[in-house]
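# A structural walkthrough
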Amino acid sequence: MPTHTPSGFSRRTFLAAAAAAVTTASAASSFGPAASSIATAATPAAVTDPKALRWLVFDHHVHSVYSHDAKYAMTTILDQAQRFGVDAIAFTEHSNVGHANVGGVFNAAREIEAARTARPDLLVFQGLEWYIPAAEHGTVLVAPGPRVTEVLRHFELTYDGKLNQWEKPRPNTSDAADWLQHAVEGIGWLGQQRAAGVIDDVLVLANHPSRLGIDSPGELRAWQDADPDVFVGFEGAPGAQASGLAANTTDRSQRGEYENARSDYSYPGFPSEAYRAHGGFDWMTAVVGGMWDALLSEGRRWWITTNSDLHLKNFDTTRVGDFPTGSGWDNGATLANFNRAGRRPDPVSTAAPQGGSDLWPGEFSRTHVGAVDKTHMAVLDAVRAGRMWVDHGHLVAGLAVTLRAVDDPANAATLGGTLRVPTGTKIEIVIEVEPTAQRNSAGILPRLAHLDVIRGEITGAVSDRDAMVAPRTRVIELRDVSDRSGSPFQIVIPVGTADVDGYVRVRGSDGKVHGTGPRGAEVDPRAPQPHAAGQGNPWLDTWLYTNPIFVAVR
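No experiment lies behind these values; they were computed from the predicted model shown.

Turning our eyes to something else, we now look at the pairing of strand E14 (residues 418-421). Here E14 shows a buried face lined by Leu419 and Val421 and an unburied face lined by Thr418 and Arg420. Taken together, the four bridges between E14 and strand E21 (residues 549-553) define a ladder with parallel strand orientation. Within the sheet, the bridge partner assigned to arginine 420 lies in E21 and is alanine 552.

For the rest of this paragraph, the subject is empty space enclosed by the protein. Scanning all chains against the criterion turns up three cavities of 30 Å³ or more. Estimated volume of the largest cavity: approximately 80 Å³. A class-by-class count of the residues in the lining of the largest cavity yields eight nonpolar, three polar and two charged. Volume-wise, the second largest cavity comes out at about 50 Å³. As for the second largest cavity, its lining consists of Gly239, Ala240, Gln241, Asn307, Ser308, Asp358, Leu359, Trp360, Phe364 and Ser365.

Note: interface size is frequently given as the accessible area lost on complex formation between the parts. Partitioning the chain into structural domains gives domain 1 (54-354) and domain 2 (395-553). Between the C-alpha centres of domain 1 and domain 2 the distance comes to 27 Å. With 47 residues of domain 1 at the contact, the number on the domain 2 side is 46 residues. Of the roughly 3600 Å² buried where domain 1 meets domain 2, counting both sides, 59% is carbon and sulfur surface.

Attention now moves to the environment of aspartate 358. With respect to the element layout, aspartate 358 can be found in the loop between strand E9 (348-349) and strand E10 (365-371). For the pair formed by aspartate 358 and threonine 317, sequence separation is 41 residues and the distance between their alpha carbons is 13 Å. Among all residues touching aspartate 358, those that are not within four sequence positions of it are Ala240, Ala242, Ser308, Asp309, Leu310, His311, Leu312, Lys313 and Asn314. At 2.7 Å, the side chain of aspartate 358 and the backbone nitrogen of histidine 311 are in polar contact.

Turning our eyes to something else, we now look at the packing of helix H4 (residues 104-118) against helix H5 (residues 148-159). Across the interface, H4 lies against H5 with an axial gap of 10 Å and an inter-helix angle of 150 degrees. Looking at the two axes, H4 sits roughly antiparallel to H5. The two elements H4 and H5 meet at a crossing, and its hand is right-handed. Facing Val105, Phe106 and Ala109 of H4, the residues of H5 in contact are Thr149, Leu152 and Arg153.

Look at alanine 134: it is not a glycine, yet its phi comes out positive at around 75 degrees. Under the relative-accessibility criterion, alanine 134 is labelled buried at 5%. Phi at histidine 394 is positive, roughly 60 degrees, even though this residue is not glycine. For histidine 394, the location among the structural elements is in the loop between strand E11 (388-392) and strand E12 (396-405). Classification of histidine 394 as buried rests on a relative accessible area of 17%.

Calculation criteria
- Residues numbered from 1 in each chain as written.
- Predicted model: local features only at pLDDT ≥ 70, side-chain atom pairs only at ≥ 80, totals over all residues.
- Heavy atoms only, no water.
- Buried < 20%, exposed > 50% of the residue type's maximum accessible area, 1.4 Å probe, protein only.
- Helix = DSSP H or I, 4+ residues; strand = E, 2+ residues; numbered from the N terminus.
- Pairing = 2+ DSSP bridges.
- 1 Å grid on protein atoms, 1.4 Å probe; cavity = no way out; pocket = protein on both sides within 12 Å on 5 of 7 lines; lining within 4 Å.
- Points joined across faces, edges and corners; volume = space filled by probe spheres on them.
- Nonpolar A, V, L, I, M, F, W, Y, C, P; charged D, E, K, R; others polar.
- Domains from an automatic or database assignment.
- Contact = heavy atoms within 4.5 Å.
- Buried area = accessible area lost by both parts, 1.4 Å probe.
- Polar contact = N/O pair within 3.5 Å; in protein donor to acceptor, adjacent residues only side chain to side chain.
- Axes fitted to C-alpha atoms, helices over the stretch in contact; angles between N-to-C directions.
- Parallel < 35°, antiparallel > 145°, perpendicular 65-115°, else oblique.
- Left-handed = near helix turned anticlockwise from the far one by under 90°.

Printed below as a string of structure tokens:
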């Protein structure tokens, strides 16, 4: 069995060169001195009891009028977020000229600061939706501080794929390699600003990774290797969950707006089913023994989230507001108008439902983070530590998961943590569920039908950077809990003997849609499924996923 660093990450010659480039770039910037090298992943503070944490609902990917394709004022979004029980929220506006050069980033910051004063019970972050060079989008999250806007704007102008025309190269070309290097340098630069104390903290997550098929496995690994303290995972499920239940739904509509197919820019190794959501979750997450498990099986601390990606609420009766007319202005809600104004006008009420694929923050997609207290820094620390589980449709009201030694229950770990035991120790997982007691906004009283336990082995760093399969990961337990509605309940499931390093994670659903997984019934007999085009009512197929708990033998 290979030995591992505490984080399980290994570096390659290419990334050593990238680190040198990042150090040079940071030293030349106005944001403070460069650290001597790229940071290695920090070991998060150990938390063994999930009930000792504050479980907060965090939506890390939301757009307001400061994005060129969204339409709501921040106050409207925050009202709705609080209505649906959100505790922390991040405005991640799109990179573009209007945001960086026409004051959008600074005007948004002033509104966010006002919101923090007016809503002390709601943690509000300012971030960015980064067009990752050569790839899809990413969430950049920054802890509040006096230089946040300065750092975001510099990062946007220097490393954004859209602003610098580093988008969608054909695979295996010099552009693909060069633009990947820009992405690596950008992640490393953010880490340098954190290390130098310019900002208190920063995290990056890949957004909707399978939507276009342009986030290759090698790119995912390279981003995290650039700084594993900064790049911590991807959206396990995309936003835009109401695409199949909207005023503008067509016969092509899919949950998450996953309506694409392989193109000249896509990684050629992805199968056709990778371009569809499975039970509303990204293919990279949903396939047991697939891409997510391939990353975990290297020992990577790679976490998943979900979020609203709010732009346009489904069936909303407001339209995009009217830009000025006259000299220099286009007709309508064009990008040129946005870039001139730095924001969209406030929306205008209409009599008719408008097109939109999104649900309000907290209405459907929820990421639950286990924070030591209710502060911005504690939320980011919880995300970095992997203390998170996600659900759709308010499937359950609460969840606590502990992995422990059978003969020594005090030796335990919770989500994102590591259970350390002697070789041969019998281990078990304890899952505590608080059922949902109220109907969701679709008028449904959710009921959890089953819980599935998934176990994988850590086999070490891969020689093939595009590896997408973890052959030793499978569902080891299918537990029916459909009769456990109403009161909170606990189940204890034996996981076997800890003979090698590995991990355990949990999945569940309302039981309405499932089938054999892509890797066969012996790996996953009850897997989430894609839906027929135009028929993806998200409320009728809801799932929950936890991040893993690792096992280290000695």
